[in-house]
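Now for the letters of each chain:
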Amino acid sequence: MKFTRVNKDTVNCIITEDDMDEQGLRLEDLFDKSQEAMDFLHEVMEKAAAEVDYKPQGAFTPMQITVLPDHSISLTLSENTEGAFADMLKNLTEKAGLRFPKNFLEELGDVPEEDRIPKLSEYLQSLKDFTNSVKNMVEKTSSDMNDKEDDSIPVKRGSVRQTRIENRDEKRVSEELEKIGFKTFAFSIKDLRTAILLSKQIPDDVVMGSTLYRNPSDNMFYMVFDRKDENAKTFAAVFSVCYEFGKFVTTKDSIICHMDENFDTVLNGDAIERLRSL
């Protein structure tokens, strides 16, 4: 391993294939974040501290892993967590083409430093789940349409064959929905008026469940959505609309259960429908 101090905030380490072999590690272990790989990276940081006076600041350690042409690894470590996080967001927007809602960026700025990476990761995972599900649905729909075009037997509306095709499509969509990694999500909303404005932006035909809670300690409201039998595309659309009116909290069932047990339930199950009528 070769350590180099790039500047006052950045340290670089070149890890060769031999270094990896000595540890019994492969590149896949690093990207899969196996326990052995994490232990190895911890040892690398300890060596960086000894050899080039690496002193990370903050609650997390920003790092960037790049695979070089000779299959060695360039590991860049930053001591400036604030700057590294800003660079990460910049890369996601400029290089990956992501566009983060304004409210989400404001929320990231408000949370403690140690919570920023987990919150960003949770958002990206949610986005990935939605994207993968919709992508799979679109690809399979396109494939089905091609199959129908190749069918030399004309299909009349209302025929037995048409009914079978529709049933098959419904089953396929149902199977794709089950691949989404979560079925509920929660947003905090500052007041009841904002909750009403949100409800009016959600179409009447959405079949998702919705429950409105109030935290008695700070009077903050929380809207929890349950997917039920809603299709993935609409589920994703409602998720995006919520960012215009509140702050994303979680998709974790344990946290939502905590809300149900400790917060006041204002409207249970059909909050959006009842608020929309006000």
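Residues numbered from 1 in each chain as written. Predicted model: local features only at pLDDT ≥ 70, side-chain atom pairs only at ≥ 80, totals over all residues. Heavy atoms only, no water.

Asker: Tell me what's going on with unusual backbone geometry, and back it up with residues and numbers.
Answerer: Its identity as a non-glycine residue notwithstanding, Asp-53 has a phi of 60 degrees, on the positive side. Within the fold, Asp-53 resides in the loop between helix H3 (35-52) and strand S3 (63-67). What makes Asp-53 partly exposed here is its relative accessible area of 45%. (Helix = DSSP H or I, 4+ residues; strand = E, 2+ residues; numbered from the N terminus. Buried < 20%, exposed > 50% of the residue type's maximum accessible area, 1.4 Å probe, protein only.)

Asker: Go over H3, please, and point to the residues and values.
Answerer: Here H3 is 18 residues long and its end C-alpha atoms lie 26 Å apart, about the 26 Å a rise of 1.5 Å per residue gives. Those residues of H3 that fall on the buried side of the exposure criterion are Ala-37, Phe-40, Leu-41, Val-44, Met-45, Ala-48 and Val-52. Seen end-on, H3 carries its buried residues on one side only, within an arc spanning 145 degrees. Structural note: H3 exposes Gln-35, Glu-36 and Ala-50 on the side pointing more than 90 degrees away from its buried face. At its buried positions, H3 is contacted by strand S1 (2-7), strand S2 (10-15), helix H1 (17-23), helix H2 (27-32), S3 and strand S4 (73-78). At the C-terminal side of H3, Asp-53 shows a positive phi close to 60 degrees. (Expected span 1.5 Å × (residues − 1). Arc of directions from axis to C-beta. Contact = heavy atoms within 4.5 Å.)

Asker: Explain the pattern of salt bridges to me, using residue names and the numbers behind them.
Answerer: Applying the stated criterion across every chain yields a total of five salt bridges. Where Lys-55 meets Asp-53, a salt bridge forms, and the shortest distance between an N and an O atom there is 3.7 Å. Note that Asp-264 and Arg-214 form a salt bridge whose closest N and O atoms lie 2.8 Å from each other. Taken together, the residues span a long stretch of sequence, with Asp-264 in strand S9 (residues 264-267) and Arg-214 in strand S6 (residues 209-215) at a distance of 50 residues. Residue Asp-264 is classed as partly exposed on the basis of its relative accessible area of 33%. Here Arg-214 falls in the partly exposed class, since its relative accessible area comes to 23%. (Salt bridge = Lys/Arg side-chain N within 4 Å of Asp/Glu carboxyl O.)

Asker: Report on the environment of Tyr-243, specifying residues and quantitative values.
Answerer: Summarising the element assignment, Tyr-243 is placed in the loop between helix H9 (232-242) and strand S8 (247-250). The class of Tyr-243 is buried, set by a relative accessible area of 3%. As a C-alpha pair, Tyr-243 and Ser-188 span 55 residues in sequence and 9.7 Å in three-dimensional space.

Asker: Give me the environment of Phe-221: which residues, what numbers.
Answerer: For Phe-221, the location among the structural elements is in strand S7 (residues 220-226). Residues Phe-221 and Phe-187 lie 34 residues apart in sequence; the distance between their C-alpha atoms is 8.5 Å. Sequence-distant contacts of Phe-221, defined by excluding residues within four places in its chain, comprise Phe-187, Ser-188, Ile-189, Lys-190, Asp-191, Leu-192, Leu-212, Tyr-213, Arg-214 and Val-266.

Asker: Pulling in residues and values, what's your account of the nonpolar core?
Answerer: Core analysis: the largest hydrophobic core is formed by 29 residues, its most contacted members being Phe-185, Leu-198, Met-223, Phe-225 and Val-238. Of all the secondary structure elements, the ones that give two or more residues to this core are helix H5 (102-110), helix H6 (113-150), strand S5 (184-189), helix H8 (192-199), S7, H9 and helix H11 (271-276). Residue contributions to this core peak at five residues, all from H9. Leave out the neighbours within four places in its chain, and Val-238 touches Phe-185, Ile-202, Val-206, Met-208 and Phe-225. In terms of nonpolar packing, the next biggest core, distinct from the first, is built from 18 residues, Leu-30, Phe-40, Tyr-54 and Leu-75 among them. (Core = buried A, V, L, I, M, F, W, Y, C linked by side-chain atoms within 4.5 Å.)

Asker: I'd love a proper account of the pairing of S4, names of residues and values included.
Answerer: Most of S4 sits inside the fold, with five of its six residues counted as buried. Of the strand pairs in this sheet, S2 and S4 are connected by six bridges, and their pairing is antiparallel. Bridge assignment links Asn-12 to a residue of S4, and that residue is Thr-76. In terms of strand pairing, S3 meets S4 through five bridges, oriented antiparallel. Each residue of the ladder has a partner; that of Val-67, found in S4, is Ile-73. In sequence, S3 turns back onto S4 through a hairpin of five residues, with His-71 there showing a positive phi of about 75 degrees. (Pairing = 2+ DSSP bridges.)

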